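Each chain, written out:
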Amino acid sequence: MKLATIGVGNAGTKILDRMLEFEDETGRNLCRHALAINTARTDLAKPDFIPEDRRVLIGDTHQEAKGHGVGGDVDVGADVAKTDIEEIRRAFDDVEIHDVDALFVSAGLGGGTGSGAGPVVIDELQKMYDEPVYGLGVLPGEYEGGRPALNAARSLQSFVTKVDNFIAFDNDAWRARDQTIEEGYDEMNQELATRIVTLLAAGEQDETDVAENAMDSSDIMRTLDTGGVSSIGYAASAVDGQEGLLNKFRNGTGEEFDDESSDAAKIKGLVRRAVNSRLTIPCEVSSADRALIVLSGPPETFARKGIESARQWLEQEADTVEVLAGDDPRHNATHLAAVVLLSNVTKTPRIDEIQDQAVDAQNKIQAQEAVRDEEISDLITDDDDELDPVV
């Protein structure tokens, strides 16, 4: 697949930057165009791989933003994007749309810029282009508080209804308790970039790469064509003596393979690990509408029977016949990786939790505002109501 990629806000831009870094490390060429959009000038200076001329500051003259961000206010984030929509359009003009299969927008949904400006950007992309627009949204952890949850719940409604498919990432499921917040975010961005690029870059084979069962962009796009919310699983095992041999990895049940185990069993075990390990957002696998498996790594590690066996297993787990599977040869790869896309999952407890947390936060905010208005009135009004204001 060939993508035009847009990172909106600080989190969305960091994810895009990590995607470009992973591409560079693995010799992939997924992101044909990269663009960062933000309301904070300092954050736009941070990326290492996004070209400087592909970074757009919005809200520089906005009364509440002034180039310093929107302070976590989703409504200000949306207003800034609408006000500077012409500048955003001009940045899109540089996208050679004939060279891409789809557009990809990443954003954090807990802050103000990604959650507010993201849906405005997506609206504009849908107006300008016929190609599908996919969204990636990072959901805030419960530990981040009620305001981010409220932002995420409001923005999630817009993202899911506006994009052709929404890939969700749950901070709660990924942050280790012994990490600092910054360490946690860096690791999560790297894990997410690895999954997204490994999945969407499948099918870039050159003449020396002969796939057992080739995966291409049309297979991926067909799986994403369901709309709704999607989740991604991933597992990898070192080959060629790197950190343990492929025939020593464990599958999702804890069973260990020995040297006599078949390549087919190894591949099936790797796919099971991908599904049974941490998904980008925890969900019931059986609630998926469609699913897709990509095996990426040295072609000599592929086995057609293994891929077919894994596909049949996932059909049973997901309770759907809409399961595609294929491989993505990478001659210089040091790992065999399995990535599993679960498309249009409808049972995701974390989204329900965020919505409940958001309702509670909204009720508290409204109650606090009412109390504060009354307290201010009591503070400045004399008890006997004998004084008149100046105007």
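Quick summary incoming for the structure in this document. (Residues numbered from 1 in each chain as written. Predicted model: local features only at pLDDT ≥ 70, side-chain atom pairs only at ≥ 80, totals over all residues. Heavy atoms only, no water.)

## Quick look at the packing of aromatic side chains
In total, this model carries two aromatic pairs according to the counting rule given. Ring centres of F159 and F166 lie 5.8 Å apart, and the angle between their planes is 65°; this geometry places the pair in the edge-to-face category. Under the relative-accessibility criterion, F159 is labelled buried at 0%. Look at F169 and W174: their rings are 5.5 Å apart centre to centre, the planes differ by 25°, and that puts the pair in the stacked class. Note on accessibility: F169 and W174 belong to one class, buried. When the ring centre of W174 is taken as reference, the NZ or CZ atom of R278 above it lies at 4.1 Å. (Phe/Tyr/Trp six-rings, centres within 6.5 Å; stacked < 30°, edge-to-face > 60°. Buried < 20%, exposed > 50% of the residue type's maximum accessible area, 1.4 Å probe, protein only. Lys NZ or Arg CZ within 6 Å of the ring centre and 35° of its normal.)

## Comments concerning the layout of surface pockets
The computed volume of the largest pocket comes to approximately 580 Å³. For the largest pocket, the lining is made up of 31 residues, of which N10, A11, G108, G110 and G111 are closest to its centre. Of all the secondary-structure elements, those providing two or more residues to the lining of the largest pocket are α1 (9-26), α5 (113-128) and α8 (181-200). The element best represented in the lining of the largest pocket is α1, accounting for five residues. Residue composition of the lining of the largest pocket, by class: twelve nonpolar, 15 polar and four charged. (1 Å grid on protein atoms, 1.4 Å probe; cavity = no way out; pocket = protein on both sides within 12 Å on 5 of 7 lines; lining within 4 Å. Points joined across faces, edges and corners; volume = space filled by probe spheres on them. Helix = DSSP H or I, 4+ residues; strand = E, 2+ residues; numbered from the N terminus. Nonpolar A, V, L, I, M, F, W, Y, C, P; charged D, E, K, R; others polar.)

## Observations regarding the sheet that holds strand β9 (residues 323-329)
A sheet is described by the order of its strands in space; here ten strands give the open sequence β3-β2-β1-β4-β5-β6-β7-β10-β8-β9, paired in mixed fashion. The sheet is open, and its two borders are formed by β3 (55-57) and β9, each paired with just one other strand. Neighbouring strand axes in the sheet, compared pairwise and without regard to direction, differ in orientation by 20° on average. Sheet analysis places strand β4 (residues 102-108) next to strand β5 (residues 133-139), joined by six bridges and oriented parallel. Bridge pairing links F104 to Y134 in β5. Packing of helix α6 (residues 146-162) onto the sheet brings it into contact with β4, β5, β6 (165-170) and β7 (229-238), and relative to β6 it is tilted by some 145°. The strands touched by helix α11 (residues 304-318) are β8 (290-297), β9 and β10 (335-343); relative to β9, the strand with the most contacts, the crossing angle is about 145°. (Pairing = 2+ DSSP bridges. Axes fitted to C-alpha atoms, helices over the stretch in contact; angles between N-to-C directions. Contact = heavy atoms within 4.5 Å.)

## Topic: the pairing of β5
For β5, the buried fraction is high: seven of the seven residues fall into the buried class. In β5, alternate side chains face the same way, and those of V133, G135, G137 and L139 on one face and Y134, L136 and V138 on the other are all buried. Each parallel crossover has a hand, and the one from β5 via α6 to β6 is right-handed. (Right-handed = clockwise from strand over helix to strand, strands pointing away.)

## With respect to empty space enclosed by the protein
Under the counting rule described, the total for this entry stands at one cavity of 30 Å³ or more. Reported here for the largest cavity is a volume of approximately 30 Å³. A4, T5, I6, H33, A34, L35, R54, F92 and V95 together form the lining of the largest cavity. Broken down by secondary-structure element, the contributors of at least two residues to the lining of the largest cavity are β1 (3-8) and β2 (31-38). Class assignment for the residues of the lining of the largest cavity results in six nonpolar, two polar and one charged.

## Let's talk about the side chain of R18
Along the chain, the position of R18 falls in helix α1. Contacts of R18, omitting those with residues within four sequence positions, involve D48, F49, N189, Q190 and A193.

## Considering unusual backbone geometry
A negative phi holds for most residues other than glycine; trans holds for most peptide bonds. The residue D319 is not glycine, and still its phi comes out positive at about 55°. Within the secondary structure, D319 is located in the loop between α11 and β9. Under the relative-accessibility criterion, D319 is labelled exposed at 63%. Phi at N344 is positive, roughly 60°, even though this residue is not glycine. In this structure N344 comes out as buried when scored by relative accessible area, which is 17%.

## Some thoughts on α1
In this model α1 runs 26 Å from its N-terminal to its C-terminal C-alpha over 18 residues, within 8% of the 26 Å that 1.5 Å per residue would give. Of the positions making up α1, those classed as buried are G9, G12, T13, I15, L16, D17, R18, M19, L20, E21, F22 and E23. (Expected span 1.5 Å × (residues − 1).)

## Focus on the packing of helix α10 (residues 263-276) against α11
Look at α10 against α11: their axes get within 7 Å of each other, and the N-to-C directions meet at 35°. Read as a crossing pair, α10 and α11 show a hand that is right-handed. Two secondary-structure elements touch here, α10 through A264, I267, K268, V271, R272, V275 and N276 and α11 through K305, G306, I307, S309, A310, W313 and L314. Taken together, the residues of the contact of α10 with α11 sort by class into eight nonpolar, three polar and three charged. (Left-handed = near helix turned anticlockwise from the far one by under 90°.)

## A few points about the nonpolar core
Core analysis: the biggest nonpolar cluster contains 73 residues, and I6, L125, L295, L314 and L342 have the highest contact counts within it. Contact partners of I6, with chain neighbours within four places excluded, come to L16, L35, I37, F92, F104, V105, S106, V121 and L125. With 41 residues, the next largest nonpolar core counts M19, L200, L292 and V339 among its residues. (Core = buried A, V, L, I, M, F, W, Y, C linked by side-chain atoms within 4.5 Å.)

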